[in-house]
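Per-entry structural report
Chain by chain, the residues run as shown.
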Amino acid sequence: MTKTVIIGGVAAGASCAARLRRLDESAEIVMLEKGPYVSFANCGLPYFVGGVIRDRSDLSVQTPERLKSRFRIDVRTESEALSIDRAAKTVRVRGADGREYDEPYDRLVIATGASPIVPDIPGIRLKRVRTLTTVDDAVGLRSLVSVHRFMSAAVIGGGFIGLEAAENLREAGCSVTLIEASPQIMPPLDPEMAEVLTGELRRNGVELLTGTAAEEFQERDDGGLLIRLSGGRTVEADLAVLAIGVRPNSAIARDAGLEIGKTGGIAVSPELVTSDPDIYAAGDVIDVTDFISGEKTSIPLAGPANRQGRIAANNIALGNHEAYKGTQGSSVAKVFGLTAASTGSSEKALVKRGLLKGRDYESVIISAGSHAGYYPGASDMFIKLLFSPDGSRVFGAEIVGGAGVDKRIDVIAAAIRLHAGVRALAELELAYAPPYSSAKDPVNMAGFTASNVIDGLVSFADWDELEKHPEHTVLDVREKGELAEFSFRGAVHIPFGSIRERVMELNPSKTFIVMCRGGVRAYDSARILQQKGYKVKVYPGGTLFYRAVHHV
Ligand SMILES: Cc1cc2nc3c(=O)[nH]c(=O)nc-3n(C[C@H](O)[C@H](O)[C@H](O)COP(=O)(O)OP(=O)(O)OC[C@H]3O[C@@H](n4cnc5c(N)ncnc54)[C@H](O)[C@@H]3O)c2cc1C
């Protein structure tokens with residue numbers, strides 16, 4: 001009988017334990033969890049703060065009792081693994097009663113997750129500066145806003161946890177200031193895609209301060225916080241939520257002499273074996289291989305953690321036969337009325353790797369409707385697709401919009417995982433009926449557009465082309481009636497239907513940025529003009545995208 005000890009009882013740890021039992025009825029499985037809960041819904045915590053999830057028990061996916069009775073797992077909560085003696089193959093544990101003991105293992109799984117980064121700045125330990133990682137954190141925050149009626153909050157960090165915290169604190173009735181040190185929120189997105197979200201935050205009453213760091217927390221006389229920011233500004237708030245990222249809980253592995261990767265997570269083989277053949281590791285605590293670049297990185301997400309837990313169990317029970325093939329960082333977040341999602345590499349990440357646009361990668365941005373425009377209730381989405389210049393690889397996608405964003409990102413995520421190229425996106429046969437999609441699904445449209453770029457049929461302006469090249473002329477091909485809503489100063493206006501007759505009005509020495517509402521008429525116009533020798537670029541996503549990014 002093999003005895004496996006698992007340190008950490010949430011996503012990776014609990015998945016590993018349950019899978020192990022399903023594979024091996026005779027295995028002895030001990031799960032050590034330092035907190036009071038196992039298998040809880042970290043991802044649901046912000047929604048408990050906002051009162052969307054009302055019952056605290058809904059945050060428990062499994063209880064220790066159920067894991068014990070269903071899976072015969074020896075679950076020990078409030079039991080912290082303190083150290084590992086690899087020679088003796090034991091784990092030093094501080095149990096719920098405070099006593100320490102050594103727990104022997106044949107195989108050990110380290111699934112200790114990651115902890116929020118708490119920077120060493122003055123006042124960071126004040127009682128009202130909170131993090132949002134555990135059930136108790138969420139219960140505490142919920143109580144501050146609903147029982148103690150704290151009405152103002154500062155959220156430090158504009159990643160997906162910060163944004164979800166901001167939304168839910170607004171939901172709970174707080175005024176919210178979101179403070180983000182870098183120039184943009186939502187780091188997995190490129191700046192222009194993130195910019196669409198800033199408009200939504202502001203529309204929903206969040207004061208957004210980007211490029212601004214919290215430098216000191218002070219306690220006011222009434223117990224509230226005074227937060228000093230870079231640039232000299234101060235913000236007052238009843239409470240603050242820190243969400244500036246996480247760091248792998250790998251100290252126990254480091255102290256045991258296990259190899260640590262370059263981003264601070266435990267180094268593992270594709271089979272999730274550490275530098276000790278009897279010790280596996282899974283979840284946020286490991287360094288993973290980036291599915292796109294092949295480089296080692298840290299991508300803390302629930303889906304990968306669960307799948308890694310399962311693979312570790314498979315390899316423990318059945319021999320090291322299964323490889324974890326990397327993480328592509330597929331993620332989705334609700335930001336008030338919008339959804340923001342991404343998979344694979346952003347353009348920023350490609351550029352950071354030294355890739356050059358045009359030579360090593362291409363990108364397109366399109367606007368698309370969630371479903372057929374003639375069926376009521378369609379909403380817009382913006383899709384950015386990054387791909388190799390020959391179209392053989394899709395490097396990544398980012399989508400921001402209303403309904404249907406989650407579905408499209410998952411289609412593209414699956415395509416990337418299956419090594420499909422751009423033309424395959426154009427070829428995909430996707431389910432269609434008017435309430436759900438269009439006969440040409442937004443994913444097909446992204447594939448068509450990318451194929452057109454590869455075939456040299458169209459050239460796109462950058463989203464900030466007009467700022468970079470004020471000498472270019474906007475050619476607006478919308479109908480006259482559409483101009484009342486929004487128009488460009490200095491633009492030449494020729495509706496698409498008259499382009500062929502009025503082409504001689506255009507100065508052939510100029511470069512035209514062709515613009516319509518969503519991009520299709522601009523593309524059609526550009527095709528006509530290009531074939532007549534004009535220098536034209538299509539503005540990506542049309543005025544819809546221009547306005548969403550420029551907030552006009
Ligand atoms: C607020 C919030 C929202 C999130 N939302 C999403 C989302 O929408 N989508 C998504 O994909 N991901 C989301 N995540 C991330 C996701 O929850 C994590 O990626 C995932 O939980 C990682 O699983 P894990 O098992 O590696 O670590 P964890 O779930 O963190 O579990 C590790 C456990 O190990 C325990 N532990 C640590 N050290 C020891 C020790 N020495 N001894 C005993 N026990 C120990 C910890 O107490 C912890 O319970 C969110 C995270 C948070 C905090």
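Scope of this entry: the structure provided in the associated data block. The structure displayed is predicted, hence computed values, not measured ones.

1. A closer look at the environment of V492
Within the secondary structure, V492 sits in strand 27 (residues 492-493). A C-alpha to C-alpha distance of 8.4 Å links V492 and L506, two positions 14 residues apart in sequence. Sequence-distant contacts of V492, that is, excluding residues within four places in its chain, are made with T473, V474, L475, D476 and L506.

2. Brief notes about the sheet that holds strand 23 (residues 362-369)
Spatial strand order, 21-22-25-24-23: 5 strands in an open sheet with antiparallel pairing. Looking at strand neighbours, the two that pair on one side only are strand 21 (331-335) and strand 23, the edges of this open sheet. In this sheet, adjacent strand axes meet at a mean angle of 15° when their direction is disregarded. Pairing of strand 23 with strand 24 (residues 380-387) involves 8 bridges; the strand directions are antiparallel. The partner of I365 across the bridge, within strand 24, is K384.

3. Considerations on the pattern of salt bridges
Inspection of every chain in the model, using the stated rule, returns 32 salt bridges. Residues R502 and E505 are paired through a salt bridge, measuring 2.7 Å at the closest nitrogen-oxygen approach. For R502, a relative accessible area of 28% corresponds to the partly exposed category. Salt bridges sharing partners connect three or more residues here, namely K3, D74, R76 and E103.

4. Quick word on the layout of surface pockets
The computed volume of the second largest pocket comes to approximately 470 Å³. Looking at the lining of the second largest pocket, the elements that each hand over two or more residues are strand 23, helix 12 (442-454) and helix 16 (520-531). Among the residues making up the lining of the second largest pocket, the classes are represented as 7 nonpolar, 8 polar and 6 charged.

5. Quick look at the site of the ligand
Contacts to the ligand come from 27 residues, most closely from A12, E33, A81, D284 and A302. Burial of the ligand by the surrounding chains reaches 88%, relative to a free accessible area of 1000 Å². Of all the elements in the fold, those that place two or more residues in the shell around the ligand are helix 1 (11-23), strand 4 (80-85), helix 5 (160-171) and helix 8 (302-318). Residue composition of the shell around the ligand, grouped by class: 16 nonpolar, 7 polar and 4 charged.

6. So, the sheet that holds strand 9 (residues 129-131)
Ordered by their spatial adjacency, 5 strands build an open sheet running 9-16-10-11-12, and the pairing between neighbours is parallel. Edge strands, defined here as strands with exactly one partner in the open sheet, are strand 9 and strand 12 (206-210). Taken pair by pair, the neighbouring strands of this sheet meet at an average axis angle of 20°, ignoring direction. Sheet topology places strand 10 (residues 152-156) next to strand 11 (residues 175-180); 5 bridges connect them, and they run parallel. In the sheet register, I156 faces strand 11, and the bridge partner there is I179. The strands touched by helix 4 (residues 135-146) are strand 9 and strand 16 (239-242); relative to strand 9, the strand with the most contacts, the crossing angle is about 135°. Across the sheet, helix 5 lies against strand 10, strand 11, strand 12 and strand 16, angled at about 165° from strand 11, the strand it touches most.

7. Thoughts on unusual backbone geometry
Phi angles above zero are rare outside glycine, and M186 is one such case at about 50°. With respect to the secondary-structure elements, M186 resides in the loop between strand 11 and helix 6 (191-203). Overall, M186 belongs to the buried group, its relative accessible area being 5%. Of note, H551 is a non-glycine position whose phi angle comes to about 55°, a positive value. Summarising the element assignment, H551 is placed in the segment after helix 17 (542-550). Judged by its relative accessible area of 38%, H551 falls in the partly exposed class.

8. Some points on the packing of helix 6 against helix 17
Contact pair helix 6 / helix 17: the axes reach a minimum separation of 7 Å and the direction vectors enclose 75°. Overall, the two elements helix 6 and helix 17 adopt an arrangement that is roughly perpendicular. Counting all contacts with helix 6, which are made through E192, M193, E195 and V196, the residues of helix 17 involved are F545, A548 and V549.

9. Some details on the side chain of S451
Tracing the chain through its elements places S451 in helix 12. Setting aside chain neighbours within four positions, we find S451 in contact with V422, R423 and A426.

10. Some points on helix 4
Taking 1.5 Å as the rise per residue, helix 4 with 12 residues should run 16 Å; its terminal C-alpha atoms sit 16 Å apart, in good agreement. Inspection of helix 4 places V135, D137, A138, G140, L141, L144 and V145 among the buried residues, and these make up the whole buried set. Contact partners of the buried residues in helix 4: helix 2 (45-49), strand 9, helix 5 and strand 16.

Parameters at a glance
- Residues numbered from 1 in each chain as written.
- Predicted model: local features only at pLDDT ≥ 70, side-chain atom pairs only at ≥ 80, totals over all residues.
- Heavy atoms only, no water.
- Helix = DSSP H or I, 4+ residues; strand = E, 2+ residues; numbered from the N terminus.
- Contact = heavy atoms within 4.5 Å.
- Pairing = 2+ DSSP bridges.
- Axes fitted to C-alpha atoms, helices over the stretch in contact; angles between N-to-C directions.
- Salt bridge = Lys/Arg side-chain N within 4 Å of Asp/Glu carboxyl O.
- Buried < 20%, exposed > 50% of the residue type's maximum accessible area, 1.4 Å probe, protein only.
- 1 Å grid on protein atoms, 1.4 Å probe; cavity = no way out; pocket = protein on both sides within 12 Å on 5 of 7 lines; lining within 4 Å.
- Points joined across faces, edges and corners; volume = space filled by probe spheres on them.
- Nonpolar A, V, L, I, M, F, W, Y, C, P; charged D, E, K, R; others polar.
- Near = heavy atom within 4 Å.
- Areas by Shrake-Rupley, 256 points an atom, 1.4 Å probe, with all protein chains shown as cover.
- Parallel < 35°, antiparallel > 145°, perpendicular 65-115°, else oblique.
- Expected span 1.5 Å × (residues − 1).

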